[in-house]
Each structure stands twice: as C-alpha cells, then as structure tokens.
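Remarks on the overall topology
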Amino acid sequence: MENQNKKKIRLVATGGTIASQARSRVSTEGYQASVISVEDLIAELPELNDIVEMSAEQIFLKPSSAITDEDLFHLSARVNELLASDECDGIVITHGTDTMEETAFFLNLTVNSPKPVVITGAMRPAHVISTDGLLNLYNAVCCAASDASYGMGVVISMNDLILSARDAVKFSSFKTDAFQAPLYGVLGTVRNANVTYCYKPLMRHTTTSEFAGAQYGKMPRVDVLYMLQGIDDMLFKAACAAGCKGIVSAGSGNGGVIGAIGKAYKEEFEAGKDELPVLVRSTRVCTGGVSDAYRMGNPKIIPSHDLNPHKAAILLRFALAKTNDPAEIKRIFEQY
Ligand code: SIN
C-alpha cells in the first residue's frame, strides 16, 4: 500500500564513468571504466525508494565510445518495450558522457512514447570525493517521475539541469557542468527533488517522429569531414570510394566547405554522377548553426540548420535509410 502512488521507474544501465571505479579518493582520471553493476549503483542510493518504485537492468556495460548501431537499436527497442507496459511510468538511462548526445538524439528520433526518458551520467568516477554520479542519478529519477517530463522528448539530466536531447552538447571534457545547450538554452532544472521546466521542445521527436519505433538492420554509411585551412580532397575521395551515401561537413563559420573539397564535389555533380553522396553542411563552430545558403544550384547540398556535425550525421543516416530524394532529406532537416 505504501507504494500505491509512487511512479514505477526503470533504470536501464549502459556503463560510463557513472559506473567506474576511481583509483583513489582524489583521482578523477585513469579509473577502471564501466565496471560497477546497476545493482551496486542503486544500492548506493536507498533514497530512491522513498520517491519511486525503482527497478533496474543492465542492458550492457561499456564505455560510450564502444556503443554500436546494434546497441542503439537494441536499447531503443528495449525502451519502447518497457514504455508500452503499464508497469513502467518512465525510464532513466545511465550512460557515458562522451557520446551521450548521440544516444540521446538517436532515442529522441526512435522512442515511440510520450513517457519520460531521461539520460544521465557522471564526469567523475564513483567514490572519488565530490563525485557527481549519485546526485545526477537521483535528479534523473526525480525528472523521470515528474508529470512535467511527459511529452518533452528524450532529455539529458546532468548537473541539476535538464536539456533536450536535440540541443544538448558536451561542452567541457572535465567539468561537472559538462552539458549545455548553447543556442536555445536548457529546458529546466532539478533542485532538491523539485523538477521545473521553463521551455518545451517544438521540433519533431518521439511520438511525432517518423522514425519512432524504427529498426533498421544496416544504416547507410555517412562520413563527417572536418574542414581545415588547406585541406585537400583525399578524405572526400576516400569517403566516396568507401561507398558513403552522405557526407556531413563540419564546416567553417556558416558551414563553409573548404576549396578543394567544394571543387571536387562540384566537379562530380557537374559530371552527373548518380552515386554522388548528399552533402549536409554543418559547422565546426559550437553555436549558431548554418543558414540555407550556398546551395550552388545543387539540390544535394543541404543545410543541417543548428544540428552539430555528429547529430546531423545521425539524422542523415535515418533520412537516407528512408529516402534518396534530396527534397525529402531537406524537409527532414527542417523538421527535426
Ligand atoms: C564514457 O563516455 O563512457 C566515459 C566518459 C564518461 O562517462 O564521462
């Protein structure tokens, strides 16, 4: 009876620094990565049982840099399966912070439920002094149990902030306030178990995503090319030779494609090569995105708008799994 009104929250653990063991109480680097099981993790937080009915599972235990497409589709299918049940009111996913943005955005496109999905992690390993993992986990559970999180899409909860999966960027490689949403800002906060939202994402996600529930066996190859002064066309040609269907340029400024690559792409377009990959212009600049300029009469050149190169690569792979029509791909980049 005690649990009658408590939300049923499922923790799905994947690994990362939040599941890592420090070498000593004062050592924040060189730790044993992704070794703490989900049972041991929640055993450290008995306070969770005061606020929710908590259950947990270990879907995998690996650093986030080792996560594959297969892992992501497996995770997405499991999240959808859990959320379809009345036995689950919301999900918390623990995850390494290095590629957290990518998993979050992937799930934002593929989760098929308005129920809360909250991703969290840690910048400092467990048992080091001032570790952030347990409070991040507690806050993420508060966030997943909040009615206000319903319909928000997948969110990241780190360092007392709530960020949309679409906008969140890892902004620091070592600070505990590692995640920010530089262009549009955070959605809300979690303070002392109080969840407050100020904004709601309007771009398509979860239940309004045409990719919700998608399970693609093999995703089309997309390569990201980082634009540098003086870069030649070697990587562009290698990507084409590897059969890539799309290229995202991490361009300079407003999505500038550096001379040699722009020239090689133009030549291939003018030669009428059917297999010419779509070129999505993103930017290596950390905020501001790119405008819909510089299409040079080529419908295959598409702006990423404000998606950074790694999120643009995810969206482009989903788009190409569905269509080769550049107008459709452009539409997808306008809506997500
Ligand atoms: C990882 O991404 O798995 C390691 C780094 C982290 O969790 O902060």
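Residues numbered from 1 in each chain as written. Predicted model: local features only at pLDDT ≥ 70, side-chain atom pairs only at ≥ 80, totals over all residues. Heavy atoms only, no water.

Pairs of packed helices are described in terms of their axes, by the angle between the two and the distance that separates them. In the contact formed by helix α4 (residues 100-110) and helix α8 (residues 309-322), the axes pass within 10 Å of each other and the chain directions differ by 35°. The interaxial crossing formed by α4 with α8 has right-handed handedness. Residues Glu 101, Glu 102, Phe 105, Phe 106, Leu 109 and Thr 110 of α4 touch α8, and the partners they reach there are His 310, Lys 311, Ile 314, Leu 315 and Phe 318. (Axes fitted to C-alpha atoms, helices over the stretch in contact; angles between N-to-C directions. Helix = DSSP H or I, 4+ residues; strand = E, 2+ residues; numbered from the N terminus. Left-handed = near helix turned anticlockwise from the far one by under 90°. Contact = heavy atoms within 4.5 Å.)

By nearness alone, every residue bordering the ligand is listed as Gly 16, Thr 17, Pro 63, Ser 64, Gly 96, Thr 97, Asp 98 and Ala 122. Within the side chain of Thr 97, a nitrogen or oxygen atom sits 2.4 Å from an oxygen atom of the ligand. Starting from 250 Å² of accessible surface for the ligand in isolation, the protein chains cover 89%. (Near = heavy atom within 4 Å. Polar contact = N/O pair within 3.5 Å; in protein donor to acceptor, adjacent residues only side chain to side chain. Areas by Shrake-Rupley, 256 points an atom, 1.4 Å probe, with all protein chains shown as cover.)

With that out of the way, let us pick up the sheet that holds strand β12 (residues 246-251). Hydrogen bonds between backbone groups are what pair the strands of a sheet, and the pairing can be parallel or antiparallel. The four strands lie next to each other as β11-β12-β13-β14, forming an open sheet whose pairing is parallel. Of all the strands in the sheet, the pair left with one neighbour each is β11 (222-226) and β14 (301-303). When strand polarity is set aside, the average angle formed by the axes of neighbouring strands in this sheet is 25°. In the sheet, β11 pairs with β12 via five bridges, with the strands oriented parallel. From the neighbouring strand, Leu 225 faces β12, where its bridge partner is Ser 249. (Pairing = 2+ DSSP bridges.)

A few words now on the domain arrangement of the protein. The figure often quoted for interface size is the accessible area lost as the parts come together. Domains assigned within the protein are domain 1 (3-208) and domain 2 (222-335). When each unit is reduced to the centre of its C-alpha atoms, the spacing between domain 1 and domain 2 is 31 Å. Counting residues at the interface gives 19 residues for domain 1, matched by 15 residues for domain 2. Here domain 1 and domain 2 share an interface that buries about 1500 Å² over both sides, 59% of which is from carbon and sulfur atoms. Three residues stand out in domain 1 for area buried against domain 2, namely Phe 105, Arg 166 and Arg 204, and they jointly supply 32% of the buried area on that side. Linking domain 1 to domain 2 there are two salt bridges. A salt bridge links Asp 69 to Arg 317; its shortest N-O distance comes to 2.8 Å. (Domains from an automatic or database assignment. Buried area = accessible area lost by both parts, 1.4 Å probe. Salt bridge = Lys/Arg side-chain N within 4 Å of Asp/Glu carboxyl O.)

The next thing to look at is the sheet that holds strand β10 (residues 194-197). If you trace the eight strands from one edge of the open sheet to the other, you get β2-β1-β3-β4-β5-β6-β9-β10, paired in mixed fashion. One side of each edge strand has no neighbouring strand; the edge strands of this open sheet are β2 (52-58) and β10. Averaged over all neighbouring strand pairs, the angle between strand axes comes to 25°, with direction disregarded. Both strand β1 (residues 7-13) and β2 contribute to a ladder of seven bridges, which runs parallel. Each residue of the ladder has a partner; that of Val 12, found in β2, is Glu 57. Along the sheet face, helix α3 (residues 69-83) touches β1, β2, β3 (90-94) and β4 (117-120) and points at about 155° away from the line of β3. Lying on the sheet, α4 is in contact with β3, β4 and β5 (154-158); it crosses β5 at an angle near 150°.

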